[in-house]
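Overview (structure and organization)
So you can see what is in the structure, the chains are spelled out below.
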Amino acid sequence: MSSYVSAELRRLVATRANYRCEYCLLHETDTFFGCEIDHVISSKHGGATTADNLAYACMICNRRKGSDLGSILWRTGALVRFFNPRIDSWADHFALAGAHVRPQTEIGEVTARIFEFNSAERLLERAELISLGRYP
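These lines cover the structure that appears in this document, whether it is placed above or below. Treat the numbers as computed from the prediction; the structure is a model and nothing was measured.

**Let's talk about the packing of aromatic side chains**
Tallying each qualifying case throughout the model produces nine aromatic pairs. An angle of 85° between the planes, with centres 4.8 Å apart, marks the rings of Phe32 and Phe33 as edge-to-face. Residue classification places Phe32 among the exposed residues on the basis of a relative accessible area of 75%. Phe33 gets classed as exposed once you look at its relative accessible area, which sits at 56%. Ring centres of Phe83 and Phe94 lie 5.4 Å apart, and the angle between their planes is 70°; on these two criteria the pair is classed as edge-to-face. Residue Phe83 is located in the loop between β4 (78-81) and α3 (90-93), and its partner Phe94 is located in strand β5 (residues 94-97); the two are separated by eleven residues in the primary sequence. One aromatic cluster is present, built from ring pairs that chain together Tyr23, Phe82, Phe83, Trp90, Phe94, Phe115 and Phe117.

In structure tokens:
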């Protein structure tokens, strides 16, 4: 199974996402490295290189996610999948409280923790972008 993403498919994914990371909502122009194409279910796990399995992701979110599909919810010990922008609504799983991304569900909780949505650096970045009217 090929993980090659054609230029046409890249354009479709970027346009569909309005050039924002589909995980943290950061616009590609507000990232140092721009955004990348992410396999929601990685090729390693049999995920296809098709529009319904691709997301637009900033480098930080893409690196934090890696080829993982989910994580352990610490308070219960349950394995919980990550937020999937192809089947989930961001507002169902997260809410903004100033610069903080507040998880609303178990999916949101494991995603926010592993992707480090509320690390000190990301909070500072979001606060600055909010003050400039550039986030979300």
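**Side note on the environment of Asn118**
Checked against the element boundaries, Asn118 lands in the loop between α4 (106-114) and α5 (120-131). Residue Asn118 is classed as partly exposed on the basis of its relative accessible area, which comes to 27%. Taking the C-alpha atoms as reference points, Asn118 and Phe94, separated by 24 residues in sequence, lie 12 Å from one another. Residue contacts for Asn118: discarding those within four places in its chain leaves Ala99, His100, Val101, Leu123 and Arg126.

**Observations regarding unusual backbone geometry**
Generally, phi is negative for residues other than glycine and the peptide bonds are trans, each holding for most cases. Note the cis peptide between Tyr135 and Pro136, where omega equals -10°. One non-glycine residue, Asn18, adopts positive backbone phi at about 55°. Position of Asn18 relative to the elements: it lies in the loop between α1 (7-16) and β1 (35-39). One non-glycine residue, Tyr19, lies in positive phi territory at about 60°. With respect to the helices and strands, Tyr19 occurs in the loop between α1 and β1.

**Brief notes about the pattern of salt bridges**
Tallied over the entire structure, the rule returns seven salt bridges. The partner of Glu36 in a salt bridge is Arg63, and the shortest N-O contact between them spans 2.6 Å. A residue pair is termed long-range when its members are at least 10 positions apart, and Glu36 in strand β1 and Arg63 in helix α2 (residues 59-65) qualify at 27 residues. Taking relative accessible area as the criterion, Glu36 reaches 22% and is therefore assigned partly exposed. A salt bridge links Arg64 to Glu116; its shortest N-O distance comes to 3.1 Å.

About the cut-offs
- Residues numbered from 1 in each chain as written.
- Predicted model: local features only at pLDDT ≥ 70, side-chain atom pairs only at ≥ 80, totals over all residues.
- Heavy atoms only, no water.
- Phe/Tyr/Trp six-rings, centres within 6.5 Å; stacked < 30°, edge-to-face > 60°.
- Buried < 20%, exposed > 50% of the residue type's maximum accessible area, 1.4 Å probe, protein only.
- Helix = DSSP H or I, 4+ residues; strand = E, 2+ residues; numbered from the N terminus.
- Contact = heavy atoms within 4.5 Å.
- Salt bridge = Lys/Arg side-chain N within 4 Å of Asp/Glu carboxyl O.

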